[in-house]
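# Secondary and tertiary structure notes
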Amino acid sequence: MTGTAIAFLLLAIIVVWGGLGLAVFYYRRSGASGGEPVRDREGHVSFPHDT
Amino acid sequence: MAKATKRENWSGQTGFLLAAIGSAVGLGNIWRFPGVAYENGGGAFLIPYLVALLTAGIPILFLDYALGHRYQGSAPTVFRRLFRGGESLGWFQVAISFVIMCYYGVILAWAASFTYFSINEAWGEDPTAFFTGTYLELAEQPGLSLDVVGHLLLPLLVVWLAVLFVMVLGVQNGLEKANVIFLPLLVILFAILVVRALFLDGAMEGLNALFTPDFSQLTNTDVWLAAYSQIFFSLSIAFGIMITYSSYLRRRSDLTTTGLVAGFANSSFEILAGIGVFATLGFMATASGVGVQDLEGITGPILSFVTFPQIISMMPGGPIFGVLFFGSLVLAGFTSMISIAQVVVAALQEKFELARAAAAALVVGVCGTISILLFATTTGLYTLDTVDKYINEIGIITSAIVMTLVVSWRLRKLPELQAHLNRVSAFQVGAWWRVLLSVVVPVMLLVMVGTTGLSLITDGYEGYPTWYLNLMGWGVVGFAIVFAIVFTLIPGRRGREDHTTFDPESLRDEDDLEEVR
């Protein structure tokens, strides 16, 4: 493989799979995947909304 | 005002998410994306592809989610509740799903047959002759034959019975469980296939061909249209699937974050498919002593049912590779198929107050019969090819144009839908979402349908006779319109509740609070 092809292969993986990883991170932190969303000391949902 | 009614539910958000991904990841991810990317600039295609994902795919996905979740119904119910006369737009989307369902079952039957054929490489020395001759008994010219190919009936029967089984079991026990089992299995099977493909001689040549960028293509408008088309057809948007699926979400459900995961998961699988398919094509080119650019049949059914059998016959451990590849096609196709079927079943259930089993049996019976009479005959491949082209590139895009224009410009509902998305979701959408849906998306879609429509009118398609394209191509679009009008006019058994009597705010959190996990 040429260096350019390798660079674009890595770019595809980083951007698309990285995007998926980031989306899953948000999905879990929002509480959408089950369990409790993140709360502050007073017990209010702190990130970003109570879902 | 009438109170919104409680409906079947997903067991939780993750069940919905898996079903949404299962619907989006289909045959097009495996047999369309790699070839389209290669032919439209290779690595450089990633740029228009990502732009299309972020500016059209995900915004329309959010719109579908918002409509289904806020107006709680199948597509006809949602659009009837949204505006007077809207039910016909919903039935147009149902008609599109109905048509796609009829031929999708046939492709699944082929894939199931080839999974079995892979075990002893039943196609022999000439996969082309086997697929078009021995297997499909394809006529030399497109036409309307009623000469049914007998050996296609058994796999078709198995496919339709499997669809019926899932449909009868319902949202949680059928759709959700099928996706919970089949989607991870698909990922595992396909990951094994990709790893195997990467160790084949010449695999790197294939990846080189796919990922080497041709930046000159970025100034070619056809490449941008190809990117928008790929995203659009791949995400299962604008023909009722996501509206129906999101209507089964509980009131307090995160829509946008789920949409982001579904959108990026679909694209991630496309990249994985691109790596697997082109690594394999690289092996074929090397083994044949030619360049990847000299290979033919790198997209669509020919890639799957002619080119891949050739490759399987050439490689060590071919039968195992064949079972992995065709098994993946079956799983990817099946999870999409049941989502399409659900659009039709749910619409009939709601309009005529049918029991789920009765609606499922009716839909599967009618679709199964049509699939035999139109697509399991000696002219079935021509018919399938034509119907697929017109219903996707004219039917679905027209549906999306009407939906986005009506919602954004005639009804001016985008602010209300934006507020709905933001009220229930972690990821907040801003004014950018409204701008994309009201300006960018309609413009791109109008250019797409204009370009394709003009090309079909002036140049025809694949050299098929004009009368045939008029009948099976434009005719199927006309059928969808007539279907929409007829089903709108038929009085349903449920009262004619509409946008003046339905209050989307009436179902409160407390109504299903006890169900929130």
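Treat the numbers as computed from the prediction; the structure is a model and nothing was measured.

### A word on the overall build of chain A
The helix and strand tally for chain A stands at one helix and zero strands. For chain A, the accessible area works out to roughly 3,100 Å², and carbon and sulfur atoms hold 61% of it.

### What to know about the nonpolar core
One recurring pattern in soluble globular proteins: nonpolar side chains tend to sit buried together. Residue and element names in this part refer to chain B. Ranked by size, the top nonpolar core spans 202 residues in total, and within it Leu-67, Trp-110 and Phe-232 carry the most contacts. Ranked by residue count, the leading element in this core is helix α6 (residues 87-120), at 21 residues. Not counting chain neighbours up to four residues away, the residues in contact with Trp-110 comprise Phe-131, Tyr-135, Leu-136, Leu-152, Pro-301, Phe-305, Leu-381 and Leu-384.

### Observations concerning the packing of aromatic side chains
Residues and elements named next belong to chain B. The tally for this structure, following the rule as stated, stands at 48 aromatic pairs over all chains. Note on Phe-114 and Phe-117: the rings are 5.3 Å apart at their centroids and 70° apart in plane angle, and the pair reads as edge-to-face. Taken together, the positions of Phe-114 and Phe-117, both in helix α6 and three residues apart, correspond to about one turn of that helix. Each member of the pair Phe-114 and Phe-117 is classed as buried.

### Re the pattern of salt bridges
Residue and element names in this part refer to chain B. Taken as a whole and judged by the stated rule, the model has six salt bridges over all chains. Two residues, Glu-87 and Lys-351, come together in a salt bridge whose shortest N-O distance is 2.8 Å. With Glu-87 in helix α6 and Lys-351 in helix α14 (residues 318-352), this pair connects stretches of sequence that are 264 residues apart. Both residues of the pair, Glu-87 and Lys-351, count as buried. Between Glu-393 and Lys-389 there is a salt bridge; the shortest N-O distance is 3.1 Å. Separated by four residues within a single helix, Glu-393 and Lys-389 lie in helix α16 (residues 380-410), roughly one turn from each other. Side by side, Glu-393 and Lys-389 carry an identical accessibility label, which is buried. A single salt-bridge network, built from bridges that share partners, covers Arg-70, Lys-413 and Glu-416.

### Regarding the interface of chain A and chain B
Counting residues at the interface gives 25 residues for chain A, matched by 32 residues for chain B. Across the contact surface, chain A and chain B share zero salt bridges. In this structure, the connection of chain A to chain B is made through five residue pairs in polar contact (both at pLDDT 80 or more). Of the residues in the side of chain A that touches chain B, the class split is 16 nonpolar, eight polar and one charged.

### Details of helix α9 (residues 203-211) of chain B
Regarding α9 of chain B, the residues found buried are Ala-203, Gly-206, Leu-207, Asn-208, Leu-210 and Phe-211 of chain B. Summarising the contacts, the buried residues of α9 of chain B are in contact with α1 (3-29) of chain A together with α3 (33-39), α8 (153-198) and α12 (256-288) of chain B.

### Regarding the side chain of Gln-418 of chain B
Residues and elements named next belong to chain B. Mapped onto the elements, Gln-418 comes out in helix α17 (residues 414-424). Accessibility expressed as a relative area gives 11% for Gln-418, which makes it buried. Setting aside anything within four residues of it in sequence, one finds Gln-418 in contact with Val-429, Gly-430, Ala-431, Trp-433 and Arg-434.

### Let's talk about the packing of α8 of chain B against α12 of chain B
Residues and elements named next belong to chain B. At a closest axis distance of 8 Å, the pairing of α8 and α12 adopts a crossing angle of 35°. For α8 against α12, the interelement crossing comes out left-handed. For the pair formed by α8 and α12, the contact residues are Leu-186, Phe-190, Val-194, Ala-197 and Leu-198 on the first element and Phe-269, Leu-272, Ala-273, Ile-275, Gly-276, Ala-279 and Thr-280 on the second. Here the residues of the contact of α8 with α12 sort into ten nonpolar, two polar and no charged.

### Considering unusual backbone geometry
Residue and element names in this part refer to chain B. A positive phi angle, close to 50°, is found at Glu-137, a residue other than glycine. Counting through the fold element by element, Glu-137 comes out in the loop between α7 (127-135) and α8. A relative accessible area of 38% means that Glu-137 is categorised as partly exposed. The backbone of Glu-353 shows a phi angle near 50°, a positive value even though the residue is not glycine. Within the fold, Glu-353 resides in the loop between α14 and α15 (356-375). With relative accessibility at 44%, the residue Glu-353 sits in the partly exposed group.

### Observations regarding the environment of Ala-66 of chain B
Residues and elements named next belong to chain B. As for its position among the elements, Ala-66 is in helix α4 (residues 46-71). Distance in space between the C-alpha atoms of Ala-66 and Leu-417 is 6.1 Å, their sequence separation being 351 residues. Dropping the residues within four chain positions of it, Ala-66 is found in contact with Tyr-71, Leu-255, Leu-417, His-420 and Leu-421.

### Topic: the layout of surface pockets
All names here are of chain B. What the largest pocket holds in volume is close to 1,600 Å³. Taken together, 49 residues form the lining of the largest pocket, with Arg-32, Asp-388, Lys-389, Glu-393 and Tyr-461 sitting closest to its centre. Tallied by class, the residues present in the lining of the largest pocket amount to 25 nonpolar, 16 polar and eight charged.

### Focus: the environment of Leu-436 of chain B
Residues and elements named next belong to chain B. Mapped onto the secondary structure, Leu-436 falls in helix α18 (residues 431-459). Owing to a relative accessible area of 13%, Leu-436 belongs among the buried residues under this scheme. Taking the C-alpha atoms as reference points, Leu-436 and Thr-404, separated by 32 residues in sequence, lie 10.0 Å from one another. Those residues in contact with Leu-436, other than ones at most four positions away along the chain, are Leu-54, Thr-55, Pro-59, Val-441 and Pro-442.

About the thresholds
- Going along each chain's sequence as written, the residues are numbered from 1 onward.
- Note on labels: chains are lettered from A, ligands numbered from 1, in written order.
- Predicted model: local features are reported for residues with pLDDT of at least 70 only, side-chain atom pairs are reported and counted for 80 or more only, and whole-chain, interface and lining totals are derived from all residues.
- With hydrogens and water excluded, all non-hydrogen atoms of the structure serve as input to the side-chain values.
- Only runs of H or I of at least four residues qualify as helices and only runs of E of at least two qualify as strands under DSSP, and these elements are numbered from the N terminus.
- Only the protein chains shown count as cover for residues, with accessible areas throughout obtained via the Shrake-Rupley method and a probe of 1.4 Å.
- Nine residue types can take part in a nonpolar core, namely buried Ala, Val, Leu, Ile, Met, Phe, Trp, Tyr and Cys, and a core is a set of them joined through side-chain atoms within 4.5 Å.
- The buried label applies to any residue whose accessible area, calculated with a 1.4 Å probe on protein chains only, is under 20% of its type's maximum; exposed applies above 50%, and partly exposed to all values in between.
- The criterion used for residue contact is that any of the two residues' heavy atoms lie within 4.5 Å.
- In this scheme Phe, Tyr and Trp rings, the latter by its six-membered ring, pair at centre separations within 6.5 Å, and the angle between planes marks the pair as stacked below 30 degrees, edge-to-face above 60, and tilted otherwise.
- For salt bridges, the criterion is a side-chain nitrogen of Lys or Arg within 4 Å of an Asp or Glu carboxyl oxygen.
- Polar contact is defined as a pair of N or O atoms within 3.5 Å, subject to the rule that within protein one atom must be able to donate a hydrogen and the other to accept it, and that residues adjacent in sequence are counted only when both atoms are side-chain atoms.
- Under this grouping Gly is polar, as are all residues other than the nonpolar Ala, Val, Leu, Ile, Met, Phe, Trp, Tyr, Cys and Pro and the charged Asp, Glu, Lys and Arg.
- The axes are straight lines fitted to the C-alpha atoms, using for helices just the contacting stretch, and the angles between their N-to-C directions are given from 0 to 180°.
- Helix crossings are classified by the rotation of the near helix relative to the far one: an anticlockwise turn of less than a right angle makes the crossing left-handed, while a clockwise turn makes it right-handed.
- Lining residues are those with an atom within 4 Å of a point, where the points come from a 1 Å grid over the protein atoms alone and group into cavities, where a 1.4 Å probe fits but cannot get out, or pockets, open sets with protein on both sides within 12 Å along at least five of seven lines.
- Grid points are joined across faces, edges and corners, and a volume is the space filled by probe spheres set on the points.

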